[in-house]
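# Residue-level structural notes
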Amino acid sequence: MPGILADDPGTPLDQNGLFINQEIPMVNSFWSVLKFLMQKNPQRQEKKNDQWRIGVIKDEKCLTDTFDKITWLGHASFFIQLSGVRILIDPVFGKLPVGKRYSELPVEPQHLTGIDYILVSHVHYDHCDKKSLKLLAANNPDAVLLVGLNVDKLISGWIANPIQAAGWYQQYQLKHQLRITFLPSRHWANRSPFDVNKTLWGGFMIESANKKVYYGGDSGYGAHFKTIGKLFSEIDVALIGAGAYSPAWFMAQNHQDPYDAVKAFHDTGARTFVPFHYGTFDAADEPLGEPEKILNALNEAGKIKNQLKILKLGEVFSMGL
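Below or above, wherever it landed, is the structure these notes cover. Please read all numbers here as calculations on a predicted model, not as lab measurements.

Turning next to the overall build of the chain. When you go through the chain residue by residue, the secondary structure sums to eight helices and 14 strands. For a compact globule of 321 residues, the expected C-alpha radius of gyration is about 20 Å, and the chain comes in at 18 Å, within 12% of that figure. Taken over the C-alpha atoms alone, the chain extends approximately 50 × 50 × 40 Å along its principal axes. A total of 321 residues make up the chain; the buried ones form 57% of that total. Across the chain, contacts joining residues at least 24 apart in sequence account for 71% of those joining residues at least 6 apart. Accessible surface for the chain amounts to roughly 14,200 Å². Of this, 52% is attributable to carbon and sulfur atoms. Placing the 33 positive and 33 negative side-chain charges of the chain at their respective mean positions leaves the two points 3 Å apart.

Structure below.
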């Protein structure tokens, strides 16, 4: 797979041959996980009183209009169309193994047809769902899956679609006039306690002849955002996670709060910031509605450069013809 960095040393590995972050290794000890699960949530009452639910627009016209667009389907799942090429990112249509789903789907999953590429950022259950991928594969047998290193070994056991795996800063080989590059994020990956960091995590840059869309994946704040901003000028839209961040002592290495999400957006130099990773699953201590509340306050205070675009699920963000 060709890389875009002339002096790229390759995706880093630790002494055991496991993937590690470029900047700061992820450390989640058994005791820190136990502490997170056992400690009292200081926002417990606030969370209990929070009646906010993310808005949902149910209009499947978003699947048939032909212009360039981005539609948020929930949590980290997006439908993107650029130059007629149809892309899904991290499709998860049901609930997680633990915990319920708090948002409806804006479209029926079986109506997601004519998909050219399915991008999977990493193997955590809220981004890589076996049932959803099998449904999509049945309805889109020619769709190509684009994943990180070793993720193909997992997914190829579920479906027969073609799969391409890439390391950080590598470009996939596409049949369309489109470029998609796998990029680093500050995170980790596993499906069980026995496969931690054996598969690679990351984000994607999607480029047509005149549009650039950056999907940051799951990530803590790090220097990679500035690197990406320097490598890819004039990014049109940055999709950056802004949820599942509390308590910070445990979550910050893997997810960003709204303040760090804004910093990441500014680092990329993108024109429009679309936040995600909140409102669908309850995966942390903050109330479901807190990310939007903070982002709107920052925007009203003039702390966000360029454009903040908060989407409802199913809402179409048009990128023009």
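That shown, we press on.
This part is about the nonpolar core. Membership of the largest hydrophobic core comes to 87 residues, with the highest contact counts inside it found for Phe78, Ile80, Ile87, Ile155, Ile180, Ile206 and Leu239. Excluding anything up to four places from it in sequence, Phe78 contacts Ile70, Thr71, Trp72, Leu73, Ile87, Leu88, Ile89, Tyr215, Leu239, Val274 and Phe276.

Let us now look at the pattern of salt bridges. Summed over the entire model, instances satisfying the criterion amount to seven salt bridges. With a closest N to O distance of 2.8 Å, Asp236 and Arg271 form a salt bridge. Taken together, the residues Asp236 in the loop between helix H5 (224-231) and strand S11 (237-241) and Arg271 in the loop between helix H7 (258-268) and strand S12 (272-276) connect sequence positions 35 residues apart. Arg271 gets classed as partly exposed once you look at its relative accessible area, which sits at 40%. A salt bridge links Lys309 to Glu315, with the nearest nitrogen and oxygen atoms 3.3 Å apart. By relative accessible area, Glu315 is classed as buried at 16%.

Mapped onto the elements, Arg53 comes out in the loop between helix H2 (44-49) and strand S1 (69-74). Setting aside chain neighbours within four positions, we find Arg53 in contact with Tyr102 and Leu288.

Let's shift gears to the sheet that holds S12. Spatial ordering of the open sheet is given by S7-S8-S9-S10-S11-S12-S13, a layout of seven strands whose pairing is mixed. Each end of this open sheet is capped by a strand with a single partner; those strands are strand S7 (170-171) and strand S13 (307-308). In terms of strand pairing, S11 meets S12 through five bridges, oriented parallel. Each residue of the ladder has a partner; that of Leu239, found in S12, is Val274.

Another aspect to go through is the packing of aromatic side chains. Using the criterion set out here, one finds 14 aromatic pairs in the structure. Between Trp168 and Trp201, the aromatic rings sit 6.0 Å apart at their centres with planes inclined by 75°, giving edge-to-face as the arrangement. Here Trp168 is found in the loop between strand S6 (163-166) and S7, whereas its partner Trp201 is found in the loop between strand S8 (179-183) and strand S9 (203-207), with 33 residues between them in sequence. We note that Trp168, like Trp201, is buried. A centroid spacing of 6.5 Å and a plane angle of 80° characterise the contact between Tyr214 and Phe225, whose relative ring orientation is edge-to-face. Here the residue Tyr214 occupies a position in strand S10 (residues 212-215), and Phe225 occupies one in helix H5, the gap between them amounting to 11 residues. Judged on exposure class, the residue Tyr214 and its partner Phe225 are both buried. Taken together, Trp52, Trp72, Phe78, Tyr172, Phe182, Phe204, Tyr215, Phe276 and Tyr278 form an aromatic cluster joined through their ring pairs. A cation sits over an aromatic face here: Arg191 above Tyr125, 3.9 Å from the ring centre.

Cut-offs used in this document
Residue positions are given per chain, counting from 1 as you read along its sequence in written order. Local features in a predicted model are, by the rule used here, given only for residues with pLDDT of at least 70; side-chain atom pairs are given and counted only at 80 or more, and totals for whole chains, interfaces and linings are based on all residues. For the side-chain quantities, the full set of heavy atoms in the structure was used; hydrogens and water were omitted. Strands are runs of DSSP state E lasting at least 2 residues, helices are runs of H or I lasting at least 4, and numbering of each runs from the N terminus. Note that the radius of gyration is over C-alpha atoms, with the globule rule given as 2.2 Å times the number of residues to the power 0.38. For every residue, the accessible area (1.4 Å probe, protein chains only) is compared with the maximum for its type, and the residue is labelled buried under 20%, exposed over 50%, or partly exposed between those bounds. We call two residues in contact whenever any of their non-hydrogen atoms come within 4.5 Å of each other. Residue burial considers only the protein chains on display, and all accessible areas are found by Shrake-Rupley using a 1.4 Å probe. Under this rule, positive means Lys or Arg and negative means Asp or Glu; His and the chain ends count for nothing. Just so you know, the charge point we use is NZ for Lys, CZ for Arg, CG for Asp and CD for Glu. Only buried residues count toward a nonpolar core, which is a set of Ala, Val, Leu, Ile, Met, Phe, Trp, Tyr and Cys residues joined through side-chain atoms within 4.5 Å. What counts as a salt bridge is simple: a side-chain nitrogen of Lys or Arg found within 4 Å of a carboxyl oxygen of Asp or Glu. When DSSP finds two or more bridges between two strands, those strands count as paired. Each pair of aromatic rings taken from Phe, Tyr and Trp, with Trp reduced to its six-membered ring, is defined by centres within 6.5 Å and is described as stacked if the planes are under 30 degrees apart, edge-to-face if over 60, and tilted in the remaining cases. Counted as over-ring charges are cases with an Arg CZ or a Lys NZ within 6 Å of the ring centre that also lie within 35 degrees of the ring normal.

So far we have only geometry, and geometry alone does not tell us how the molecule works.
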